Amino acid sequence: MNRRTSIFAAGLVTTVSALAVTVGGPAAPAQAAAAGDAAAMVGTVDCDGWVHNNNPDHGIAGCKNNTDRTVTFRAEVVCGWAPDVSGQWVTLAPGQYGESSGVCAIYSSGVGSVGWSIQ
């Protein structure tokens, strides 16, 4: 079970907010704000989620930081017949790869899916 996603670096909300604030103002500051926010959106965080080959109760998320800033993420493991679990927080510098994992309780029916949270 592999999933792949690309998440744009946080900046879209800032762009929308900057444009909303500058709608009533002069055009030059709005253009400057949009150009600055476009630079903040450089790169993505690429993540995959999978179940361990030898342990169906072990979910793993791996992420690569392709942005120009530090990001923190953790695995979010959905467990069947048991409470869901979250992995440890992992901090990645620009260009780094790391993994976070969680293990479902022994009475679980196994990992249903693996996702991730990014800060």
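As the structure is a computational prediction, the values presented were derived from the model and not from experiment. (Residues numbered from 1 in each chain as written. Predicted model: local features only at pLDDT ≥ 70, side-chain atom pairs only at ≥ 80, totals over all residues. Heavy atoms only, no water.)

**Quick notes on the overall build of the chain**
No. 1: Counting its regular elements, the chain contains two helices and eight strands.
No. 2: Each helix and strand of the chain, ordered N terminal to C terminal, gives the series β-α-α-β-β-β-β-β-β-β.
No. 3: Within the span of the chain, comprising 119 residues, buried residues form 35% of the whole.
No. 4: Only carbon and sulfur atoms are counted for the fraction: they give 60% of the accessible area of the chain, which is about 6700 Å². (Helix = DSSP H or I, 4+ residues; strand = E, 2+ residues; numbered from the N terminus. Buried < 20%, exposed > 50% of the residue type's maximum accessible area, 1.4 Å probe, protein only. Areas by Shrake-Rupley, 256 points an atom, 1.4 Å probe, with all protein chains shown as cover.)

**Here's the deal with unusual backbone geometry**
Most peptide bonds take the trans configuration, and most residues that are not glycine carry a negative phi.
No. 1: In this model, Trp81 sits at a positive phi of 60 degrees, which is unusual for a non-glycine residue.
No. 2: Note on placement: Trp81 falls in the loop between β4 (71–80) and β5 (85–86).

**Let's talk about the state of the cysteines**
No. 1: Under the criterion given, the structure shown has two disulfides.
No. 2: Note that Cys47 is cross-linked by a disulfide to Cys63, the S-S spacing being 2.0 Å. Judged by the sign of its S-S torsion, about 110 degrees, the cystine formed by Cys47 and Cys63 is right-handed. Placement of the pair is Cys47 in strand β2 (residues 44–51) and Cys63 in strand β3 (residues 58–65), with a sequence separation of 16 residues. An identical accessibility class is assigned to Cys47 and Cys63; each is buried.
No. 3: Here Cys79 engages in a disulfide with Cys104; their sulfurs sit 2.0 Å apart. Classification of the bridge connecting Cys79 and Cys104 rests on its S-S torsion, roughly -85 degrees, and on that basis the disulfide is left-handed. Of this pair, Cys79 sits in strand β4 while Cys104 sits in the loop between β7 (97–103) and β8 (110–118), placing them 25 residues apart in sequence.
No. 4: Of the residues examined, Cys79 reaches a relative accessible area of 7% and is grouped as buried.
No. 5: Shown here for the chain is a disulfide pattern of 1-2, 3-4, where each number marks a bonded cysteine counted in sequence order. (Disulfide = S-S within 2.5 Å.)

**Considering the side chain of Asp57**
No. 1: Mapped onto the fold, Asp57 is located in the loop between β2 and β3.
No. 2: For Asp57, a relative accessible area of 16% gives the class buried.
No. 3: When sequence neighbours within four positions are dropped, the list of residues in contact with Asp57 reads Gly102, Val103, Cys104, Ala105, Ser108, Gly110 and Val111. (Contact = heavy atoms within 4.5 Å.)

**Focus on the pairing of β2**
No. 1: Pairing of β2 with β3, which is carried by seven bridges, proceeds in the antiparallel orientation. Within β3, the residue paired with Trp50 across the bridge is Ile60.
No. 2: Taken together, β2 and the strand that follows it, β3, pair antiparallel across an intervening segment of six residues. (Pairing = 2+ DSSP bridges.)

**Here we look at the nonpolar core**
No. 1: Residues Ala61, Cys63, Phe73, Val77 and Leu92 are the most contacted members of the largest nonpolar core, which totals 16 residues.
No. 2: Those elements that place two or more of their residues in this core are β2, β3, β4, β6 (90–92) and β8.
No. 3: Here this core takes five residues from β4, the largest share from any one element.
No. 4: The residues touching Phe73, leaving out its near neighbours within four places in the chain, are Ala61, Cys63, Gln88, Trp89, Val90, Leu92, Gly98, Glu99, Ser100, Ser117 and Ile118. (Core = buried A, V, L, I, M, F, W, Y, C linked by side-chain atoms within 4.5 Å.)

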